[in-house]
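Here is how the chains run, residue by residue.
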Amino acid sequence: MADARGTPLVELNNISIAFGGIQAVDDVSVDLYPGEVVGLLGHNGAGKSTLIKCLSGAYRMDKGEIRIKGQPVTINNPRDARSHHIETIYQTLALADNLDAAANLFLGRELVNALGMVDDAAMEAETRRIMGRLNPNFKKFNAPVSALSGGQRQSVAIARAVYFNAQILIMDEPTAALGPQETQMVAELIDELKRQNLGIFLIDHDIHQVKQLCDRAAVMKNGQLVGVVNVDEVSEDDLLGMIILGKTPEHLAA
Amino acid sequence: MAESTQAPAAAPRRNLIQSLEIDTRLLGMIGAFIIVALVFNVLTDGRFLTPRNIFNLTIQTVSVAIMATGMVFIIVTRHIDLSVGSLLATCSAVMAMLQTDWLVGGLLPLGHPALPWLAIAGGLCVGVAIGAFHGWLVGYLTIPAFIVTLGGLLVWRNVAWFLTNGQTIGPLDETFQAFGGISGTLGEQWSWIVGGLATLAALWGLWRSRRTKISHDFPVKPLWAEAVVAAIIAGGIMGFIWILNSYEIPGRVLEREFEARGEVLPEGFTAAYGLPISVLLLIAVAVVMTVVAQRTRLGRYIFATGGNPDAAELSGINTRLLTVKVFAVMGFLCALSAVVASARLSFHSNDIGTLDELRVIAAAVIGGTALSGGVGTIYGAILGALIMQSLQSGMAMVGVDAPYQNIVVGAVLVVAVFVDILYRRRTGD
């Protein structure tokens, strides 16, 4: 499979990380190709979020190797990740509630004018532009994000991830707090980003949604990788079995 | 919302304050200040709102107000600094010793024109260094700021004692004393000039921000509202200068000044104090700190970190280094306040700045800085300091006994925060 599609966009090789005595991620390897969505499945505490935070720079792995387009890279902090065009939408959204949408979208990457001063007007204009595309109903540009609804907050977090020409997108339960309509919006967005050849890691609890949105699914249990499967080759029951029992479906176990 | 540039009548639900886009909290604080001033004016038979007392009030407020602007940043990033009064004392001691002892003799003669400036530079360096050290303990060693600065409260108060052997050091250099208030004022003419320039700068700022908004097709407020705001600002600045310029230098002081120059005071000659240099310094600090808060990345990161430290970290902000910077700024401002406070006294005393930490925190909190972080304004903190000082000196003028004064000030602090909580609950922010 790897040969047919050339070099993977991301390779996570033998990643391990422990907190105190607990091995949160134990020797896990997953890869991701351009234009592909890989779902990460597992119980709470299975290690999905922890694994992905090694890639986004929130955690530093103890052991293992990360390759981007075949090149080994070091990611020590979120800034490193961003410099490799890795963007993350966290489950908590990671928004500063007291700031407005534009300030959050550009947080850490503010537009500045010739004097080095933060250019709020330019940032608001850019925010209005991208929001017009992502969520045309969004109007509260001057309110702190604490005054926004769950869906609006989500669209700010998504806008932040896609604005800066991301090549690798990590989405940690992007639809957990959303209504059906907004969930549909996220699904359409994922499809569009796929067409633009981004690679997406999608962490989700909803197996049905993973079957719908993802190309492959990696299942984790107790910090270890149960297996990676093509979603078209497995049923929802197979996936459930992998999550709960930690067993690879028999027809795939070679 | 309906755009109101062309037709203000099209949006009937916008009331006057909304059209003017004035911060209602600022309005509330100004209202509280005016009430305090009027009540004391009645109780003192009109002595509270004389040019002389307003002049005194402003120079008494400067030291605490300068530090309060730094405390806003500290509290916004969810920290606290209990050591500012002691830090002020250490900086004051260093500056006093530099200009009267350490630099004098072998290096420079007493009264050398470079002395005060070297002393100030030395004090500022010490302030920044101690502040940065606090920030390093808090940010990198993750010791809670409350503990670090509680220790600092004891340490720096007694370092100051140690440096001066507990003695009062003075008199300080005359140039140095010009930063204290009454011994350094701009005089009538220069006060008007500074006031005029400040007004022009404010109006230019308003005009530019409107132009930027229009160039990006953002909604702007109606022109009449813009004009009203401009008129209020211009009137405020020029009115303030006019009041300060109305405080005339007493005849016998002028007589002495002329005598010192070997001249005789001409008949009918009068002169006014005008804008004190210390107040000018406070205004400069306020402008710079406001620009930092609203227009720089540093300020943006301070507020983002206060609003959500994890989000700030995940956005690639180095929150540890940020803590060091914020505490270093606080240290710098403590040193600046030390210049003003010791210059006002004309000497360094062992108890300088005692209990200032409480006044500074109270000023910031009365000014709307939330201890939960992420919220606070520079102008609010300065207004808070002014309200505190008005209460204190107003009660002193009325003749309230010292213990009652402190009881009232303490109670006002608690009530002010409660009112702020109610306000936030109602407006939902």
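Cut-offs used in this document
Residues numbered from 1 in each chain as written. Chains lettered and ligands numbered in written order. Predicted model: local features only at pLDDT ≥ 70, side-chain atom pairs only at ≥ 80, totals over all residues. Heavy atoms only, no water. Helix = DSSP H or I, 4+ residues; strand = E, 2+ residues; numbered from the N terminus. Buried < 20%, exposed > 50% of the residue type's maximum accessible area, 1.4 Å probe, protein only. Contact = heavy atoms within 4.5 Å. Areas by Shrake-Rupley, 256 points an atom, 1.4 Å probe, with all protein chains shown as cover. Pairing = 2+ DSSP bridges. Axes fitted to C-alpha atoms, helices over the stretch in contact; angles between N-to-C directions. UniProt positions renumbered as here; feature names shortened; annotations may be inferred. Salt bridge = Lys/Arg side-chain N within 4 Å of Asp/Glu carboxyl O.

1. So, the overall build of chain A
Scanning chain A for helices and strands turns up eight helices and 10 strands. Going through the 254 residues of chain A one by one, you find that 52% of them count as buried. Restricting the contact set of chain A to residue pairs at least 6 apart, pairs at least 24 apart contribute 64%. In the structure as shown, chain A presents an accessible area of about 11,200 Å², 47% of it carried by carbon and sulfur atoms.

2. Here we look at the side chain of R160 of chain A
Looking at the secondary structure, you find R160 of chain A in helix α5 (residues 150-163). When neighbours within four sequence positions are excluded, R160 of chain A is seen to be in contact with R82, E87, L93, A94, L95, N104, L105, L107 and R109 of chain A together with S315 of chain B.

3. Some words on the sheet that holds strand β8 (residues 199-203) of chain A
Residue and element names in this part refer to chain A. Reading across from one edge, β6-β7-β8-β3-β9-β10 is the order of the six strands in this open sheet, with mixed pairing throughout. Only two strands of the sheet have a single neighbouring strand rather than two, namely β6 (86-89) and β10 (224-230). The mean angle between the axes of side-by-side strands here comes to 15°, regardless of whether they run parallel or antiparallel. Direction of pairing for strand β3 (residues 37-41) relative to β8: parallel, over a ladder of four bridges.

4. Comments concerning the UniProt feature "domain: ABC transporter" (unreviewed entry) in chain A
The UniProt record annotates "domain: ABC transporter" (unreviewed entry) at residues 10-247 of chain A. In this annotation, residues 10-247 of chain A is assigned 34% helix and 26% strand; the end-to-end C-alpha distance for the span is 26 Å.

5. Quick look at unusual backbone geometry
Geometrically, the link from G170 of chain B to P171 of chain B is a cis peptide bond, its omega value of 0° lying close to zero. Inspection of the secondary structure puts P171 of chain B in the loop between α6 (145-164) and α7 (174-177). In the Ramachandran plot, H85 of chain A falls in the positive-phi region, its phi being about 60° despite a non-glycine side chain. Within the fold, H85 of chain A resides in the loop between α2 (78-83) and β6. A positive phi angle, close to 70°, is found at R78 of chain B, a residue other than glycine. Within the secondary structure layout, R78 of chain B lies in the loop between α3 (51-76) and α4 (84-102).

6. Notes on the pattern of salt bridges
It is possible for side chains bearing opposite charge to pair when their charged atoms get close. Residues and elements named next belong to chain A. Summed over the entire model, instances satisfying the criterion amount to 15 salt bridges over all chains. Of the charged contacts in the structure, one is a salt bridge between R216 and E36, with a shortest N-O distance of 2.6 Å. Of the two residues, R216 sits in strand β9 (residues 216-221) while E36 sits in the loop between β2 (22-32) and β3, which places them 180 residues apart along the sequence. Across the pair, E36 and R216 agree in class, each one buried. Through salt bridges with shared partners, a single ionic network connects D31, E36 and R216.

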